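# Fold and geometry: a report
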Amino acid sequence: MYPLLKSVPISDRMKEADFKDEFVLLEGLKDRNIHSYIRLYKEYSEDLLVLAYTLTGDPVLASNAVDRLFTALYEKDLFMQVEPPLHHFLYSELRKYCPNK
């Protein structure tokens with residue numbers, strides 16, 4: 001085992017890798033790279049749908065909220081000021097599109 005890695009718990013090493021990966025994803029989103037948007041959707045849409053359903057209590061409203069969020073993210077180019085972790089930003093933005101129960 002590498003001496004430096006031995007002192008850092010595995011979960012912390014994974015978080016660092018995810019953090020670096022999010023920077024790469026964010027750079028692609030800032031450049032309006034369509035593949036980055038597809039990756040964002042694939043990685044986060046399911047969790048966002050669960051949160052939207054929790055907020056709305058309705059599967060149709062939840063699905064519409066997530067769709068509207070991703071449309072707005074692309075059309076309004078909202079990623080210029082975003083920093084990792086990305087899920088904090090996405091969850092906060094999603095709440096704007098979810099009608100209350």
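Predicted, not measured: the structure shown is a model, and the values here were computed from it.

## Focus on the overall build of the protein chain
Each helix and strand in the protein chain was counted, giving 5 helices and 0 strands. Out of the 101 residues belonging to the protein chain, those deemed buried represent 31%. Of the contacts formed within the protein chain by residues at least 6 apart in sequence, a portion of 64% connects residues at least 24 apart. With the model as given, the accessible surface of the protein chain reaches about 6,900 Å², and the carbon-plus-sulfur share is 58%.

## What to know about the packing of helix α3 (residues 34-56) against helix α4 (residues 59-76)
Following both chains from N to C, one finds α3 and α4 inclined at 145°, their axes separated by 8 Å at the closest point. The two elements α3 and α4 cross, and the hand of that crossing is right-handed. Two secondary-structure elements touch here, α3 through Ile34, Tyr37, Leu40, Tyr41, Ser45, Leu48, Leu49, Ala52, Tyr53 and Thr56 and α4 through Pro59, Leu61, Ala62, Ser63, Ala65, Val66, Leu69, Phe70, Leu73 and Tyr74.

## Structural notes on unusual backbone geometry
The step from proline 84 to proline 85 runs through a cis peptide bond, and the omega angle for that step is 5°. Here proline 85 shows up in the loop between α4 and α5 (86-95). At arginine 32, a position not held by glycine, the phi torsion is positive, near 60°. Structurally, the position occupied by arginine 32 is in the loop between α2 (10-30) and α3. A relative accessible area of 33% places arginine 32 in the partly exposed class.

## A word on α3
Because an α-helix packs 3.6 residues into every turn, residues spaced three or four apart end up facing the same way. Where α3 bends most, the angle comes to about 50°, and this point is tyrosine 44. Regarding α3, the residues found buried are Ser36, Tyr37, Leu40, Tyr44, Ser45, Leu48, Leu51, Ala52 and Thr56. Where α3 begins, the capping side chain belongs to asparagine 33, and its oxygen is found 2.7 Å from the backbone nitrogen of histidine 35. Directly after α3, the chain includes glycine 57, whose backbone phi takes a positive value near 75°.

## Remarks on the environment of tyrosine 37
Mapped onto the secondary structure, tyrosine 37 falls in helix α3. Spatially, the C-alpha atoms of tyrosine 37 and leucine 25 are 8.6 Å apart, while their sequence positions differ by 12 residues.

## Regarding the pattern of salt bridges
With the rule as written, the count across this model stands at 3 salt bridges. Ionic pairing is found between lysine 96 and glutamate 93, a salt bridge with its closest N-O pair at 2.8 Å. A residue is classified by how much of its surface remains accessible, and lysine 96, at 58% relative accessible area, is exposed. With a relative accessible area of 11%, glutamate 93 lands in the buried category.

Definitions and limits used
- Residues numbered from 1 in each chain as written.
- Predicted model: local features only at pLDDT ≥ 70, side-chain atom pairs only at ≥ 80, totals over all residues.
- Heavy atoms only, no water.
- Helix = DSSP H or I, 4+ residues; strand = E, 2+ residues; numbered from the N terminus.
- Buried < 20%, exposed > 50% of the residue type's maximum accessible area, 1.4 Å probe, protein only.
- Contact = heavy atoms within 4.5 Å.
- Areas by Shrake-Rupley, 256 points an atom, 1.4 Å probe, with all protein chains shown as cover.
- Axes fitted to C-alpha atoms, helices over the stretch in contact; angles between N-to-C directions.
- Left-handed = near helix turned anticlockwise from the far one by under 90°.
- Bend = angle between axes of the 7 residues up to and from the residue.
- Polar contact = N/O pair within 3.5 Å; in protein donor to acceptor, adjacent residues only side chain to side chain.
- Salt bridge = Lys/Arg side-chain N within 4 Å of Asp/Glu carboxyl O.

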